[in-house]
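For reference, the chains in residue letters:
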Amino acid sequence: MFVVDLIRLTLTFFVFLMPYSVTRNLVTGGAGFLGSHLCDRLMEAGEEVICLDNYFTGRKQNISQWIGNPRFELIRHDVTEPIKVEVDRIWHLACPASPVHYQFNPVKTAKTSFLGTYNMLGLANRVGARLLLASTSEVYGDPEVHPQPESYKGCVNTIGIRSCYDEGKRIAETLCFDYQRMHNTEIRVMRIFNTYGPRMLPDDGRVVSNFIVQALKGESLTLYGDGSQTRSFCYVDDLIEGMIKLMNGNHSGPMNIGNPTEFTIRNLAELVRKKINSNLELIYQQLPQDDPLQRKPDIQLAQKELSWTHQVDLDQGLDQTIDYFRRGLNL
Ligand code: NAD
Ligand code: UDP
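Residues numbered from 1 in each chain as written. Chains lettered and ligands numbered in written order. Predicted model: local features only at pLDDT ≥ 70, side-chain atom pairs only at ≥ 80, totals over all residues. Heavy atoms only, no water.

(A) Molecular detail of the layout of surface pockets. Of the volumes computed, that of the second largest pocket is approximately 200 Å³. Surrounding the second largest pocket, R59, Q61, N62, R199, M200, P202, Y324, F325, G328 and L329 form its lining. In the lining of the second largest pocket, the residues fall into 5 nonpolar, 3 polar and 2 charged. (1 Å grid on protein atoms, 1.4 Å probe; cavity = no way out; pocket = protein on both sides within 12 Å on 5 of 7 lines; lining within 4 Å. Points joined across faces, edges and corners; volume = space filled by probe spheres on them. Nonpolar A, V, L, I, M, F, W, Y, C, P; charged D, E, K, R; others polar.)

Structure representation (structure tokens):
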């Protein structure tokens, strides 16, 4: 009799109580490049997802696979306005990331960074949610320290064309730590280094998508400056794995997540050319103002705290990304 009662009790627990223990996530910028990959991972893990986006650079087609799923909700909303939802976790990604897009309306970018983060921290504080901020390597500006550890304070122009984004993310980080000090809000601050992969927009303007789309169309590849500036490119799947580990771990951050293998932009152009069409020309255009000359993450903190490191190298990641654009552009 006792065993039967025990089974009945266990069944009652699973049928009635378990559904309420599913983690409820709010993903701001969820229809964008990184946000949509994050929504995929959370949905595949059986969690609930509210995807919030104003579709400035995001697309419904990035998350269309989840529309109609009872665990998934889509909200058109601008994070510069407050919102009330009951959630356990806030993944705050809403903000244009490509220089072309964030410079389109720089005042709006600054508002999105400050007011958006302020509104999301207010929500996190009210409902007791943990918030992860998608910050950026741009907080280091044009760095004089190489590679960049989290302790480096940065070299950022306050009045240049990149400042709306760089300073926007710096004040967003400041807000997070002030909320933690004042209200004990649980925060995670992730400094994301250049990330690429499927679902970048063809007209995104960032270097990986630009080179691939140009090469697939048989056009010349546009190098800004002499192409000797460096970046370290992380494949999207690795980045999302790091993001989830940071959210689930105990370290508030700030924490660098990125692939530490450094390439010049000319190396990248050569690699894309070799993979798609070696006959394409490289054309040199003016280097934009304040374009950082070198960038490479020091990822020792992520390795120590999260046992995280990248798994996909640029060669493999580019193949996946080229396949995606080839299918999308029908080339
Ligand atoms: P993305 O432009 O593809 O995605 C941003 C998403 O936010 C889009 O869906 C856009 O429509 C949405 N959005 C923008 N402003 C909004 C607003 N005011 N209200 C609601 N939604 C808004 O860019 P991404 O590469 O996916 O970047 C996501 C986040 O990661 C950004 O915060 C970005 O700063 C950060 N980040 C990305 C990289 C990278 O290499 N991809 C590097 C550093 C930091
Ligand atoms: N870049 C380039 N050609 C392009 C696009 C970008 O040479 O068509 C350069 C750009 O000047 C920068 C680097 O590539 O030095 C990375 O640019 P991206 O916009 O991808 O990212 P971020 O500058 O924000 O790191």
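(B) Representation of empty space enclosed by the protein. A complete count under the given rule lists 1 cavity of 30 Å³ or more for this structure. Lining the largest cavity, in full, are H92, L93, A94, C95, S113, T117, L133, A134, K169 and A172. Going through the elements one at a time, helix 4 (106–127), strand 5 (130–136) and helix 5 (163–183) are the ones with two or more residues in the lining of the largest cavity. Tallied by class, the residues present in the lining of the largest cavity amount to 6 nonpolar, 3 polar and 1 charged. (Helix = DSSP H or I, 4+ residues; strand = E, 2+ residues; numbered from the N terminus.)

(C) Focus on the side chain of T321. Structurally, the position occupied by T321 is in helix 10 (residues 314–328). T321 gets classed as buried once you look at its relative accessible area, which sits at 0%. In this structure T321 touches Y196, G197, P198, I212 and Y235, once residues within four positions along its chain are discounted. (Buried < 20%, exposed > 50% of the residue type's maximum accessible area, 1.4 Å probe, protein only. Contact = heavy atoms within 4.5 Å.)

(D) Here's a closer look at the site of ligand 2. Close contacts around ligand 2 come from 18 residues, with V207, T222, R231, D291 and R295 the closest. For ligand 2, an oxygen atom lies 2.9 Å from a polar atom in the side chain of N210. Here an oxygen atom of ligand 2 and a side-chain polar atom of R295 are 2.7 Å apart. Notes on ligand 2: free accessible area 520 Å², of which the protein chains cover 95%. Looking at the shell around ligand 2, the elements with two or more residues in it are helix 6 (207–216) and strand 8 (221–224). Partitioning the shell around ligand 2 into residue classes produces 7 nonpolar, 5 polar and 6 charged. (Near = heavy atom within 4 Å. Polar contact = N/O pair within 3.5 Å; in protein donor to acceptor, adjacent residues only side chain to side chain. Areas by Shrake-Rupley, 256 points an atom, 1.4 Å probe, with all protein chains shown as cover.)

(E) Structural view of the pattern of salt bridges. In this structure the tally under the stated criterion is 18 salt bridges. Among the salt bridges present, the one from R162 reaches E138, with a minimum N-O distance of 2.7 Å. Of the two residues, R162 sits in the loop between strand 5 and helix 5 while E138 sits in the loop between strand 5 and helix 5, which places them 24 residues apart along the sequence. According to the relative accessible area criterion, E138 is buried, its value standing at 5%. The shortest N-O distance in the salt bridge between D204 and R206 comes to 2.6 Å. Exposure remark for R206: the relative accessible area of 21% places this residue in the partly exposed category. Each member of the salt-bridge network shares a partner with another, and the members are E138, R162, R231, D291 and R295. (Salt bridge = Lys/Arg side-chain N within 4 Å of Asp/Glu carboxyl O.)

That is the geometry; function is a separate question.
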